[in-house]
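# An overview of the molecular structure
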Amino acid sequence: MRDGGWLDGQEFPPLKYAVDGLLPEGFSLLIGPPKAGKSWLALGILLAVANGSHALGAIGMGRPRRVFYLALEDGDRRMQDRCRTILDDGPIPTLFHYQTVIEPGFVCQTIEAFLHLYPDTALVVVDTLGKVMPQAMPGESSYQRDYRVAGRLKRIADSKPGLAITALHHDRKAASEDFVESVSGTNGLAGAADTIVVLARKRQAQEALLMVTGRDVPEAEYGLVLDNGLWRLDGTNLDEAQAAAQQRQDAAGLGDVSVSILQFVREHPDGCRAKDVVDKFGRDAYQYLGRLEERGDLIKPKRGWYRASDALPGTEEAA
């Protein structure tokens, strides 16, 4: 037990990331439907970390760091082919380690043994968690089993400052408005994870959303695109990818004029006058503003003014 005086006197190091803005140290889940491209996404990130290059084509990794990939649905030939595809036939980094076979129930021991040999490891990926999930112990519920396994993975990650452990897992078949609820199985997995990343992609689509939430990362959604079969941010950085994700959501169910008006209002976080919208888009803009307000995309902070419903107003008064 510690007290407030002890806590007040501590200076903790800043949070470290395997991938800035997306995968912090600790235990995370990468969720998505089967065949959505989770493994390609994970492998691309692993190789970027091991190479010290750019993850998702835009996020700089800095110096090369060691990684460990438990690729339990692959073999050596497929691993080589995928690595060469991602690296454009460049050399596969020596800091990239992988293993394709683990007996169910031994994933934690395997990771611990690897970390004993290589304590400088920055990122471990388990693909997929379902391949190594043990049976519940006598008298143990599925929730307790899930929380036990995920909790142990979290403890391993927490025992090595700077280490990120990510487990790939399938999503629920039933849709949910809260993407945290998309984690397949019981809430034990999501409850133990520090970070949850969801890859949302329609079958055969070239675009996807990467949705992130967690204890230490800001909740956000980022646009992704498939570029010659490889995942890249829809933009040159996370801010642009986040804007692209927002534009896609705005466009859902809206016409071009409504989308343009909504984007124009978003450019004014403190709100803008209806007159300014009309001056730019014509008299019909009043009808579009009314429809966007009915949909909940816009709100009226006061007469004659509109603001995006999800905008964070600044310090200036909209007057």
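Structure report, in brief. The model shown is predicted, which means the values in this text are computed figures rather than measured ones. (Residues numbered from 1 in each chain as written. Predicted model: local features only at pLDDT ≥ 70, side-chain atom pairs only at ≥ 80, totals over all residues. Heavy atoms only, no water.)

## Regarding empty space enclosed by the protein
Scanning the entire structure with this criterion turns up 1 cavity of 30 Å³ or more. Each pocket or cavity is described by its volume, and for the largest cavity that value is around 110 Å³. Together, Leu22, Leu23, Leu30, Leu41, Ala42, Ile45, Leu123, Val125, Thr166, Val197 and Leu210 line the largest cavity. If you tally residues by element for the lining of the largest cavity, the top one is helix α2 (residues 38-51), at 3 residues. For the lining of the largest cavity, the class distribution of residues is 10 nonpolar, 1 polar and no charged. (1 Å grid on protein atoms, 1.4 Å probe; cavity = no way out; pocket = protein on both sides within 12 Å on 5 of 7 lines; lining within 4 Å. Points joined across faces, edges and corners; volume = space filled by probe spheres on them. Helix = DSSP H or I, 4+ residues; strand = E, 2+ residues; numbered from the N terminus. Nonpolar A, V, L, I, M, F, W, Y, C, P; charged D, E, K, R; others polar.)

## With respect to the pairing of strand β13 (residues 230-233)
Where strand β12 (residues 220-227) meets β13, 4 bridges bridge the pair, whose relative direction is antiparallel. Bridge assignment links Asp227 to a residue of β13, and that residue is Leu230. Remark: 2 residues form the turn of the hairpin made by β12 and β13, two consecutive strands paired antiparallel; Asn228 in that turn has positive phi of roughly 55°. (Pairing = 2+ DSSP bridges.)

## A few points about the nonpolar core
Counting residues in each nonpolar core, the largest one holds 47 residues, and the members touching the most others are Leu22, Leu56, Ile59, Phe96 and Leu123. Per-element tally for this core: the top contributor is α2, with 9 residues. When neighbours within four sequence positions are excluded, Leu123 is seen to be in contact with Ala18, Ile45, Leu46, Val49, Arg66, Val67, Phe68, Leu163, Ala164 and Thr166. Among the nonpolar cores identified, the runner-up in size contains 34 residues, and Ile111, Ile156, Leu189 and Ile196 belong to it. (Core = buried A, V, L, I, M, F, W, Y, C linked by side-chain atoms within 4.5 Å. Buried < 20%, exposed > 50% of the residue type's maximum accessible area, 1.4 Å probe, protein only. Contact = heavy atoms within 4.5 Å.)

## A short note on the sheet that holds strand β10 (residues 195-200)
The strand order across the open sheet formed by 9 strands is β7-β6-β8-β9-β3-β10-β11-β12-β13, and the pairing between neighbours is mixed. Two strands lie at the open edges of the sheet, namely β7 (96-99) and β13, each paired on one side alone. Each strand of the sheet is rotated relative to its neighbour by a mean of 20°, with strand direction disregarded. Note that strand β8 (residues 121-127) and strand β9 (residues 164-170) share 4 bridges and pair parallel. Along β9, the bridge assignment pairs Val125 with Thr166. Packed on one face of the sheet, helix α3 (residues 76-86) meets β6 (66-71), β7 and β13 and runs near 150° to β7. Together, β6, β7, β8 and β9 form the strand contacts of helix α4 (residues 107-117), whose direction differs from that of β6 by roughly 155°. (Axes fitted to C-alpha atoms, helices over the stretch in contact; angles between N-to-C directions.)

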